[in-house]
Amino acid sequence: MNLKPPLTFEKQIERLMQHGMCIDSIDEDIEFLKRVNYYRFTGYALENRKSEHSSEYKENISFKQVCQRYQFDVEMRHILRKAIECVEIYYRTQISYVFSMRKCMVFPHDQHYDRNNYYKKDEFDKLMENIERETRYYRDSLVIKHHKLKYDNRMPLWVLVEAMTFSSLSKFYKCMYLSDQKAIAEKVGTSAAILGNNLHCLANLRNKCAHAGQLYGKTFNPPASLGRNFLQKHPEIKNDTLFGYLVMLIKRLPNKTKQQALIYDVLAVMDSYGKDITLSEVGFPESYGAILDKLL
């Protein structure tokens, strides 16, 4: 089967008009498509198709409204990235500190390299192979060079975690014995099961935000563990949506000041774009403001 032929920017606008999209200004809309790929743009209009397998749009969908949804995503990713950076640094610190205090106090203080200190030994072996590859990206770092030369290619855990991707940090936590997971989770005020899930979710959300992944209209996997009591109290919240992940991120921030700052930024974005988006497409319930306020 032949692929679709490429279209000029002018033809892309014509195609959108043929499918029923209202074009506000041909010249301005062409300029937008020169900056944002056609395929990426139309991803924000999927909810307006007449059917799942149709390319035709329902009435009254405009190019401008789809642009606003796109810009909503841009700004939401920006504020989420700031919060995720804070969370990422915090959990690198907590995981390395607690595990080191429990396992690495006895000479030669390298017990974090010992597979016998982990429940999922085979997964730990694979993880260490991945981490070795990841540290090569930091081969020019003076800290990495120092430890590789002086300590036979080994590093204290609080150095090693800084060379891990956040995804590897999540897997590292899941390799541990449950007693170690619980000790770390207790330190940050949650359960081992919830923390393990949330670290996985945070790694996925980080990657989406870092690589300009679409948030609007997407299902998030795995569903975020928010706690049974919380979900029973708020059955309107779907934990596989952007809002579910947002609640999870707020809960994982280290203090009230950081939580309040993120909530303020989210509410500001919603004030700017709320009239152009469909709340259900991002999992925001009608009472999202009150729910976020109660998280503080």
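Heads up: the structure comes first, above all this text.
Computed from a prediction, not measured in an experiment: that's the story for all the values here.

Turning our eyes to something else, we now look at the packing of helix 10 (residues 192-210) against helix 12 (residues 242-252). Two elements in contact, helix 10 and helix 12, have axes separated by 10 Å at closest approach and are oriented at 115 degrees. Here helix 10 is positioned roughly perpendicular relative to helix 12, judged by the angle of their axes. At the point where helix 10 passes helix 12, the crossing takes the left-handed sense. On helix 12, the residues touching Ile194, Leu195, Asn198, Cys201, Leu202 and Leu205 of helix 10 are Tyr245, Met248, Leu249 and Arg252. Here the contact of helix 10 with helix 12 is built from residues that sort into eight nonpolar, one polar and one charged.

The contact between helix 2 (residues 26-35) and helix 4 (residues 63-103) brings their axes to 11 Å, and the two run at 30 degrees. The orientation of helix 2 relative to helix 4 falls into the category roughly parallel. Seen from above, helix 2 lies across helix 4 with left-handed handedness. Across the interface between the two elements, Asp29, Phe32 and Leu33 from helix 2 touch Phe63, Cys67 and Tyr70 from helix 4. Of the residues contributing to the contact of helix 2 with helix 4, the split by class is five nonpolar, no polar and one charged.

Taken as a whole, this structure holds 13 salt bridges when the rule is applied. Put simply, Glu88 and Arg92 hold a salt bridge, and the shortest N to O gap is 2.5 Å. Here Glu88 pairs with Arg92, and both are found in helix 4, just four residues apart, close to one helical turn. Arg92 shares its class with Glu88; the two are buried.

Here the focus is the nonpolar core. In terms of nonpolar packing, the biggest core is built from 89 residues, with Phe41, Phe63, Phe72, Leu80 and Phe284 touching the most fellow members. Looking at which element gives the most residues to this core, the answer is helix 4, with 16 residues. If we ignore the near neighbours within four places in the chain, the residues touching Phe41 are Leu16, Met21, Phe32, Leu33, Val36, Phe63, Val66 and Cys67.

Let us look at unusual backbone geometry. For the bond from Phe107 to Pro108, the omega torsion is 10 degrees, close enough to zero to count as cis. Structurally, Pro108 is set in the loop between helix 4 and helix 5 (121-135). Residue Asn221 is joined to Pro222 through a cis peptide bond whose omega torsion reads 0 degrees. Looking at the secondary structure, you find Pro222 in the loop between helix 10 and helix 11 (228-233). Even without being a glycine, His109 presents a positive backbone phi close to 65 degrees. Following the sequence through the fold, His109 ends up in the loop between helix 4 and helix 5. Residues other than glycine seldom take positive phi values, yet Ala212 does so here, at roughly 55 degrees. Relative to the helices and strands, Ala212 is located in the loop between helix 10 and helix 11.

The subject of this paragraph is the state of the cysteines. The final tally for this structure, using the stated rule, is zero disulfides. In this structure Cys104 is not part of a disulfide, and its nearest cysteine sulfur, from Cys175, lies 15 Å away. Given the relative accessible area of 9%, Cys104 is considered buried. Not part of a disulfide, Cys209 finds its nearest cysteine sulfur in Cys201, a span of 13 Å.

Rules of the game
- Residues numbered from 1 in each chain as written.
- Predicted model: local features only at pLDDT ≥ 70, side-chain atom pairs only at ≥ 80, totals over all residues.
- Heavy atoms only, no water.
- Axes fitted to C-alpha atoms, helices over the stretch in contact; angles between N-to-C directions.
- Helix = DSSP H or I, 4+ residues; strand = E, 2+ residues; numbered from the N terminus.
- Parallel < 35°, antiparallel > 145°, perpendicular 65-115°, else oblique.
- Left-handed = near helix turned anticlockwise from the far one by under 90°.
- Contact = heavy atoms within 4.5 Å.
- Nonpolar A, V, L, I, M, F, W, Y, C, P; charged D, E, K, R; others polar.
- Salt bridge = Lys/Arg side-chain N within 4 Å of Asp/Glu carboxyl O.
- Buried < 20%, exposed > 50% of the residue type's maximum accessible area, 1.4 Å probe, protein only.
- Core = buried A, V, L, I, M, F, W, Y, C linked by side-chain atoms within 4.5 Å.
- Disulfide = S-S within 2.5 Å.

Limitation: the analysis is restricted to geometry and does not speak to function.
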